[in-house]
Amino acid sequence: MVSQEVLSEAVRAAKAGHRAQARALFGQIVKQDPTCEAAWLWLAELADHPGERVLALEKALALRPDHPVLQRRLELARQEAAARPPVEGSALEEDRPLVIPGYVPKAERAPEEALSTEDRRLEEVREQLRVGRRREALSLLLRLVETQPGNVEAWKLLGELQPTLSERAAALERALALGPHPAALQQDLEQQLAYLKKLQVNPWSAARQFEETGDFDRAAAAYQWIAIHSRLPAERVAAVQRIDQLKLRQASDQITPVNPTLNLLRLAAGPVLLFFFMVLIQAGLNPLAITPLALVSLGGVSAGSVLLTATGMRPLHPAWVQMIGEPGSPGEKETRALLRGLGWLLVIVPFALFFIEAGLRLMKLWIAVVNASR
Amino acid sequence: MLPLNDPEPNRYSGFPIMTLTLILVNILVLAGQLILEPLLPARLYYLLGSVPLLVMGQEGGGALASLTSMFMHGGIFHLLGNMFFLWVFGRRVEDACGSWRFLFFYLICGFMGDLLSTLARHRSPVPSIGASGAIAGLLGAYLILYPGGRIRTLIFVWWIPVLPKIQVFWFTLYFFFIQQIIPVILGARDGVNYWAHIGGFVACIFIIFFMRPEAFARYLSNEPV
């Protein structure tokens, strides 16, 4: 008998659009209980190829032979299967088993043999990743979790490769649900999942971070998430525009991302340099005549500039994350705003004091010139 | 030889708000000058221009006067020439930096120009005004960021105006080395502050502190900024 919980979870996954996860769960269900008509119907609904749909509908119809709607659907699926030639890697290829997750209709293969096949497939996925073919790796992985829904490593990899944040989170949840795991793996999965969920809370921030660090694939995934889930039409349009821009850039460029710490220091140096030049001119181009107050002010501008740049860039540097928390975590936005305010204060006050002093000197000269001309 | 336009579009921002603001401020300051000049004939330039003798003696506005001198011009043609340069070279440099960072870079180039000019003429009581130092920095930054850029330029050949697109390298070679370096070597005394131009141009290397993260990554990856 199938657990109602598993069935509900599978239906939830299907409705949320997590096809791979849903197919894997329904596959488990029909493996345990081949008389579960609902699972066969869902499998027919989720099938990628008409051949798979025909098989699932045949199973469902065998359970309820007099169902007119099922008969009609099967007929349509058969017509569709006949009209569409088999595609590479599909279940209709002669040398591949029919891909109904977890269900093997005829002579079941020995578990050891199946395991080695799956291991080989996982190795194939890693090889694709090594040569930078993410899309191919993802396609292989999806097929792998369908045939072996208990493969934790495959779900974990899927948690990194799925295009949307919600799908990645769902894959990691699935990997965690297969536990208990060794402590290190459990911690790794939990950390990744927690991070993804935080990104889901503030996807704009996440997308911009990925963009800044040059991880355009993930940036596009985050923008895609916004485009699908945002309730504001303007926000959806903006996200789609960002995706288009990223695609255009990716199509034409091969950019190596720059270390965020280097970017932070580089950008923070700008205002400091400007202030230094002003102080030097004010001191009559004599570095020894720079006053202690000016040096303190220079320190203030440096600190303020670092704060302003860091809060503007939201780097993923571990020290920064430790200080104010990960993007989207509770209180992170407020802390960032506070630090930004402090940064502005530290930059503006020295500049203001400097201009007051310069203004007073100018006034003094003005009075002297006016007096001399009388 | 006057640059008129850079036909290439922006990559990051649609509207060069800071470049246009700087142009507007320069125009307004010249208007203010023309109004105040009859009231304060020579004093205006002495007080708000950059006077090397005063700067070295730590008198007057110092850096404040250096700042105000960057926005003052000696007349409409001085302003027009500079503003064409600012528009042509500033727009895409601003695009690569972002508005506020562009403003900081512009000011740094201006201060650097003034600094070198003050060092070179440290005993001179003659005030120096104009945005040329800052704009020379923009020209240098443009050359660094867009070495393949082509500038629509107005040239008169035997009094006939022609509008060729000149590669920025040749433009810089002409504008900077022929029009600035050679007069300095020859010791020209034509009222042009060549040292400010050279100082501003040298400051163009500071552009690396102001580029957007992505533009910087592109630059390091040998991709067009």
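Definitions and cut-offs
- Residues numbered from 1 in each chain as written.
- Chains lettered and ligands numbered in written order.
- Predicted model: local features only at pLDDT ≥ 70, side-chain atom pairs only at ≥ 80, totals over all residues.
- Heavy atoms only, no water.
- Helix = DSSP H or I, 4+ residues; strand = E, 2+ residues; numbered from the N terminus.
- Buried < 20%, exposed > 50% of the residue type's maximum accessible area, 1.4 Å probe, protein only.
- Contact = heavy atoms within 4.5 Å.
- Areas by Shrake-Rupley, 256 points an atom, 1.4 Å probe, with all protein chains shown as cover.
- Polar contact = N/O pair within 3.5 Å; in protein donor to acceptor, adjacent residues only side chain to side chain.
- pLDDT = per-residue confidence, 0-100.
- Buried area = accessible area lost by both parts, 1.4 Å probe.
- Salt bridge = Lys/Arg side-chain N within 4 Å of Asp/Glu carboxyl O.
- Nonpolar A, V, L, I, M, F, W, Y, C, P; charged D, E, K, R; others polar.
- Phe/Tyr/Trp six-rings, centres within 6.5 Å; stacked < 30°, edge-to-face > 60°.
- Patch = residues over 30% accessible without salt bridge, like charges linked within 9 Å, V, L, I, M, F, W, Y side chains within 5 Å.
- Axes fitted to C-alpha atoms, helices over the stretch in contact; angles between N-to-C directions.
- Parallel < 35°, antiparallel > 145°, perpendicular 65-115°, else oblique.
- Left-handed = near helix turned anticlockwise from the far one by under 90°.
- Core = buried A, V, L, I, M, F, W, Y, C linked by side-chain atoms within 4.5 Å.

Another point: the overall build of chain B. In terms of helices and strands, chain B carries ten helices and four strands. Taking all 225 residues of chain B together, 52% fall into the buried category. Sequence-distant contacts in chain B: of pairs separated by 6 or more residues, those separated by 24 or more amount to 79%. Just so you have it, chain B exposes about 10100 Å², and 71% of that area is on carbon and sulfur atoms.

On to the overall build of chain A. Scanning chain A for helices and strands turns up 17 helices and zero strands. Within the span of chain A, comprising 374 residues, buried residues form 47% of the whole. At a minimum sequence separation of 6, the contacts of chain A that also span at least 24 residues come to 58%. For chain A, the exposed area adds up to about 19500 Å²; of that, 60% sits on carbon and sulfur atoms.

As a further point, take the side chain of Asn193(B). Residue and element names in this part refer to chain B. If you trace the backbone, Asn-193 turns up in the loop between α8 (168–186) and α9 (194–202). Since its relative accessible area comes to 15%, Asn-193 is described here as buried. Separated by 2.8 Å, the side chains of Asn-193 and Ser-128 make a polar contact. In this structure, Asn-193 is in contact with Ser-117, Arg-121 and Ser-128, ignoring residues within four places of it in sequence.

For chain A, mean pLDDT is 78; residues scoring 70 or higher make up 84% of the total. Scored below 50 in pLDDT, residues 86–115 of chain A shows 48 contacts in the model against residues more than four places distant or in partner chains.

Many descriptions give the size of an interface as the accessible area lost when the pieces come together. Tallying the contact residues gives 37 residues for chain A and 43 residues for chain B. For the pair chain A and chain B, the summed buried surface comes to about 3600 Å²; carbon and sulfur atoms form 74% of the total. Remark: the boundary between chain A and chain B carries zero salt bridges. Elements with a minimum of two residues in the side of chain A that touches chain B: α13 (233–252), α14 (260–282) and α17 (332–373) of chain A. Among the elements that line the side of chain A that touches chain B, the one with the most residues is α14(A), at 14 residues. Tallied by class, residues from the side of chain A that touches chain B come to 24 nonpolar, nine polar and four charged.

Residue and element names in this part refer to chain B. Along the chain, Arg-101 turns up in helix α6 (residues 99–120). By relative accessible area, Arg-101 is classed as partly exposed at 27%. Between the alpha carbons of Arg-101 and Ile-207 there is a distance of 9.4 Å; along the sequence they are 106 residues apart.

In this section: the packing of aromatic side chains. All names here are of chain B. Inspection of the entire model under this criterion finds 17 aromatic pairs over all chains. Aromatic pair Phe-105 and Phe-210: ring centres 5.8 Å apart, planes at 55°, arrangement tilted. Of the two residues, Phe-105 sits in helix α6 while Phe-210 sits in the loop between α9 and α10 (213–220), which places them 105 residues apart along the sequence. For the residue pair Phe-105 and Phe-210, the accessibility class agrees, reading buried in each case. Relative to Trp-170, the ring of Phe-169 has its centre 5.1 Å away and its plane inclined at 80°; by these criteria the two rings are edge-to-face. A relative accessible area of 51% places Trp-170 in the exposed class.

With that settled, consider the side chain of Gln33(B). All names here are of chain B. Mapping Gln-33 onto the fold places it in helix α1 (residues 17–36). Among the residues examined, Gln-33 registers a relative accessible area of 3% and is labelled buried. If near-sequence neighbours (up to four positions away) are discounted, Gln-33 is found in contact with Leu-44, Tyr-45, Phe-71, Met-72 and His-73.

Attention shifts here to a nonpolar patch on the surface. Where nonpolar side chains cluster on the molecular surface, the patch consists of Met1(B), Phe169(B), Trp170(B), Leu173(B), Tyr174(B), Phe177(B), Ile178(B), Ile182(B), Ile185(B) and Leu186(B) and spans about 1000 Å² of accessible area. Looking at the secondary structure, you find Tyr174(B) in helix α8.

Here the structure, examined in full by the defined rule, presents seven salt bridges over all chains. The salt bridge partner of Asp6(B) is Arg91(B), with a shortest N-O separation of 3.9 Å. In this pair, Asp6(B) is assigned in the loop between β1 (2–5) and α1 and Arg91(B) in helix α5 (residues 76–97), connecting sequence segments 85 residues apart. Between Arg218(B) and Glu214(B) there is a salt bridge whose closest N-O contact spans 3.1 Å. Here the residue Arg218(B) and the residue Glu214(B) both occupy positions in helix α10, the gap between them amounting to four residues, near one helical turn. Owing to a relative accessible area of 0%, Arg218(B) belongs among the buried residues under this scheme. Sharing partners across several salt bridges, the network here consists of Glu123(A), Arg126(A) and Glu153(A).

The next subject is the packing of helix α1 (residues 4–15) of chain A against helix α2 (residues 19–32) of chain A. Residues and elements named next belong to chain A. α2 packs onto α1 with a crossing angle of 155° between their chain directions and a minimal axis gap of 8 Å. Viewed along their axes, α1 and α2 adopt a mutual orientation that is roughly antiparallel. Note that α1 runs across α2; the crossing there is left-handed. Contacts between α1 and α2 involve Val-6, Leu-7, Glu-9, Ala-10, Val-11, Ala-13 and Ala-14 from the former and Gln-21, Ala-22, Leu-25, Phe-26 and Ile-29 from the latter. Classifying every residue of the contact of α1 with α2 gives ten nonpolar, one polar and one charged.

A separate point is the environment of Gly27(A). You can see Gly27(A) is positioned in helix α2. Overall, Gly27(A) belongs to the buried group, its relative accessible area being 0%.

Below, the discussion takes up the nonpolar core. Core analysis: the biggest nonpolar cluster contains 98 residues, and Phe89(B), Val93(B) and Phe111(B) have the highest contact counts within it. Sorting elements by how many residues they give to this core places α6(B) first, with ten residues. Apart from residues lying up to four places away in sequence, Phe89(B) is in contact with Pro3(B), Leu138(B), Leu139(B), Tyr142(B), Ile151(B), Val168(B) and Phe171(B). Grouped together as the second largest cluster of nonpolar side chains are 26 residues, Trp155(A), Leu158(A), Leu165(A) and Ala169(A) included.

Residue and element names in this part refer to chain B. The geometry of α6 relative to helix α7 (residues 132–145) is characterised by a closest axis approach of 7 Å and an angle of 120° between their N-to-C directions. Here α7 runs oblique to α6, going by the angle between their axes. When the axes of α6 and α7 are compared, the crossing they make is right-handed. Where α6 abuts α7, its residues Phe-102, Phe-105, Tyr-106, Cys-109 and Gly-110 lie against Gly-133, Ala-134, Ile-135, Gly-137, Leu-138 and Ala-141. Here the residues of the contact of α6 with α7 sort into eight nonpolar, three polar and no charged.

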